[in-house]
Amino acid sequence: MVSGTRGKRRRTRRPTSAASRITPHGRSPRPLHGFRPSGSSAGSEPVATRHAERASCPVLAEKDRRFPLRRVARLFLCVLLYQPGLAMAEMIQIDGPDGPLGAELVAPDKARDIVVIVPGSGPMDRDGNSPRMGLHSDSYKLLAEGLKAAGIASLRIDKRGFYASATAISDPNEVTIGAYAGDVQKWVARASAVAPRVWIAGHSEGGLVALVAARTPPRSLRGLILMATSGRPMGQLVIEQFRANPVNAELMPDIESIVADLEAGRGRDPESLAPVLRPLFSDGLQRYMIDLFSHDPVTIAENWHGPTLIIQGDADLQVRPRDADLLSDAMPQAVRADLPGATHMLKLNVAGRPMDTYTNPALPLHPDLVASIARFLEQE
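Residues numbered from 1 in each chain as written. Predicted model: local features only at pLDDT ≥ 70, side-chain atom pairs only at ≥ 80, totals over all residues. Heavy atoms only, no water.

**A closer look at the overall build of the chain**
Selection rule: Strands are runs of DSSP state E lasting at least two residues, helices are runs of H or I lasting at least four, and both sets are numbered from the N terminus onward. Relative accessibility under 20% of the residue-type maximum defines a buried residue, over 50% an exposed one, and the middle range a partly exposed one, all with a 1.4 Å probe and only protein chains included. Throughout, a contact is declared for two residues whenever any of their heavy atoms are within 4.5 Å. Each accessible area is a Shrake-Rupley result for a 1.4 Å probe, and residues are judged covered by the shown protein chains and nothing else.
Secondary structure summary: the chain contains 12 helices and 12 strands in total. Burial analysis of the chain (380 residues in total) assigns 48% to the buried set. Look at the contacts in the chain between residues 6 or more apart in sequence, and 65% of them connect residues 24 or more apart. When the accessible surface of the chain is totalled, it reaches about 19,100 Å², and 53% of it is carbon and sulfur.

**Re helix α7 (residues 252-263)**
Note the following rule: Expected span of a helix: the number of residues minus one, times 1.5 Å.
The end-to-end C-alpha distance of α7, which contains 12 residues, comes to 16 Å, matching closely the 16 Å that a straight helix rising 1.5 Å per residue would cover. Taken residue by residue, α7 has Met252, Ile255, Ile258, Val259, Asp261 and Leu262 as its buried positions. Looking at the packing, one finds that the buried side of α7 touches α6 (234-243) and α8 (283-292). Positive backbone phi, approximately 90°, marks Gly265, located one or two places after α7.

**Quick word on the side chain of Arg156**
Cut-off, in case you're wondering: Any N or O atom pair separated by 3.5 Å or less is treated as a polar contact, with the protein-specific requirement of one donor-capable and one acceptor-capable atom, and with residues adjacent in sequence counted only for side-chain atom pairs.
For Arg156, the location among the structural elements is in strand β8 (residues 153-157). Polar contacts involving the side chain of Arg156 include one to the side chain of Asp127, which spans 2.5 Å. Ignoring sequence-local partners within four residues, the contact set of Arg156 consists of Ala103, Glu104, Val106, Ile117, Arg126, Asp127, Tyr140, Lys141 and Ala144.

**Considerations on the packing of helix α4 (residues 177-191) against helix α5 (residues 205-213)**
So the rule is basically this: Convention adopted: a line fitted to C-alpha atoms gives each axis, helices being fitted over their contacting stretch, and angles between N-to-C directions are expressed from 0 to 180 degrees. Should an angle lie under 35 degrees it is considered roughly parallel, over 145 roughly antiparallel, and from 65 to 115 roughly perpendicular; all remaining angles are considered oblique. Classification used: nonpolar for Ala, Val, Leu, Ile, Met, Phe, Trp, Tyr, Cys and Pro, charged for Asp, Glu, Lys and Arg, polar for all others including Gly.
At a closest axis distance of 8 Å, the pairing of α4 and α5 adopts a crossing angle of 70°. Relative to α5, the element α4 is oriented roughly perpendicular. Where α4 abuts α5, its residues Ile177, Gly178, Tyr180, Ala181, Val184 and Gln185 lie against Glu205, Leu208, Val209, Val212 and Ala213. By residue class, the composition of the contact of α4 with α5 is 8 nonpolar, 2 polar and 1 charged.

**What to know about the nonpolar core**
Rule in force here: We call a set of buried Ala, Val, Leu, Ile, Met, Phe, Trp, Tyr and Cys residues a nonpolar core when their side-chain atoms join them within 4.5 Å.
Among the nonpolar cores identified, the biggest contains 63 residues, and Leu155, Trp187, Ile200 and Leu224 are the most heavily contacted of them. Among the elements that line this core, the one with the most residues is α4, at 7 residues. Setting aside residues up to four positions removed in sequence, Trp187 forms contacts with Ile92, Gln93, Ile94, Leu101, Gly102, Ala103, Val116, Leu155 and Ile157. In this structure, Tyr140, Ile225, Met227 and Ala337 belong to the second largest nonpolar core, which totals 26 residues.

**Concerning the packing of α6 against α7**
With their axes 10 Å apart at the nearest point, α6 and α7 run at an angle of 170° to one another. Considering their axes alone, α6 and α7 lie roughly antiparallel with respect to each other. Of α7, the residues touching α6 (which contributes Gly235, Gln236, Val238, Ile239, Phe242 and Arg243) are Met252, Ile255, Glu256, Val259 and Glu263.

**Quick notes on the pattern of salt bridges**
The cut-off we apply is this: A pairing counts as a salt bridge when a side-chain nitrogen of Lys or Arg comes within 4 Å of a carboxyl oxygen of Asp or Glu.
Taken as a whole and judged by the stated rule, the model has 19 salt bridges. Residue Asp323 pairs with Arg232 through a salt bridge whose shortest N-O separation is 2.8 Å. Note that Asp323 is positioned in helix α10 (residues 321-330) and Arg232 in the loop between β10 (221-227) and α6, a separation of 91 residues in sequence. Residue Arg232 is classed as buried on the basis of its relative accessible area, which comes to 10%. For the salt bridge of Asp325 with Arg336, the shortest nitrogen-to-oxygen distance reads 2.9 Å.

**Some thoughts on the confidence of the model for the chain**
Our working definition: Within a predicted model, pLDDT stands for the predictor's per-residue confidence, ranging from 0 to 100.
Of the residues in the chain, 77% reach a pLDDT of 70 or more, and the chain-wide mean stands at 84. Looking at the elements of the chain, mean pLDDT is at its lowest for helix α1 (residues 47-56), recorded as 34, and at its highest for β10, recorded as 99. Note on residues 1-65: pLDDT under 50 across the span, and 74 contacts to partners over four residues away in sequence or across chains. Contacts of residues 72-85 to residues separated by more than four positions or lying in other chains number 31 contacts, the stretch itself having pLDDT below 50.

Written as structure tokens, this is what we have:
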């Protein structure tokens, strides 16, 4: 405002109410926990409140009293940094065979439970993505965020040989399910320093790894969460997945013969295979498959008697509800959570666009997924 007196201009101060302050989000920040300015007019704020802000937040400085906008901005920063229960993501490492194993920790304050999330097959990263395979779902990252909102900590691991665990071994194909399981056991021990009750949540092939890790369970392991996990040996699942695509019809006799050899512990010379099959059955992958196909999930599951949650979607094109049935029969103590319309990536299927849940990270998780896990952990 400008008023004129004797030809001179005089500027009068406009009262600064909470509603008129500007923050990076265009509105006044929520007060810090423990403060609620009251009894003040629109143009004033109790001095005690200003002192309380500076005392409680080390980001605020004495000089900010002379600069309201600066003080508001710093207060906003304090809300982000010092809000009670706020979980910050942190990359952590443990020792691997040749180099460190890496994982991302999200730990809400005073969490009772922590979930170690084990990725599925191939070069799948801790977020649920595989750039080499054109997959970008963010399913594991979204799961960690959902668990955080429920007050549950999580540890999303990268498998040895990949991403944050790339230097743990020199050749990512020189691995076995048992080696993966040994790494998970180490992660369980590390997770027990964050929360007293540790759960292994394995997705797809990661569920098999979880079952093998539970054969000799670490002391702090509370139970298993098996998400879209096969109840059949993986060789059978591979044949079914190839057969489901009519384009593969002419190749099926060769594929079935190769899988039968691998199940028997015999490899094939890749040069003897059809060119289209050589990348799928390279020497390194065949060595891994020989080990992978030797594990029967049902036989392993029958020897686990701890708490278990089996999660399965009925729109999953890779692992079927009957796989969950086999696992449920093998573990009578297990709790079943069926997700109507959920795909293999734990998201609702998009009608007519079956690959969307594999490639669109903006799609949310199935609405019942996190709730089912949180309810199971609360009841155990």
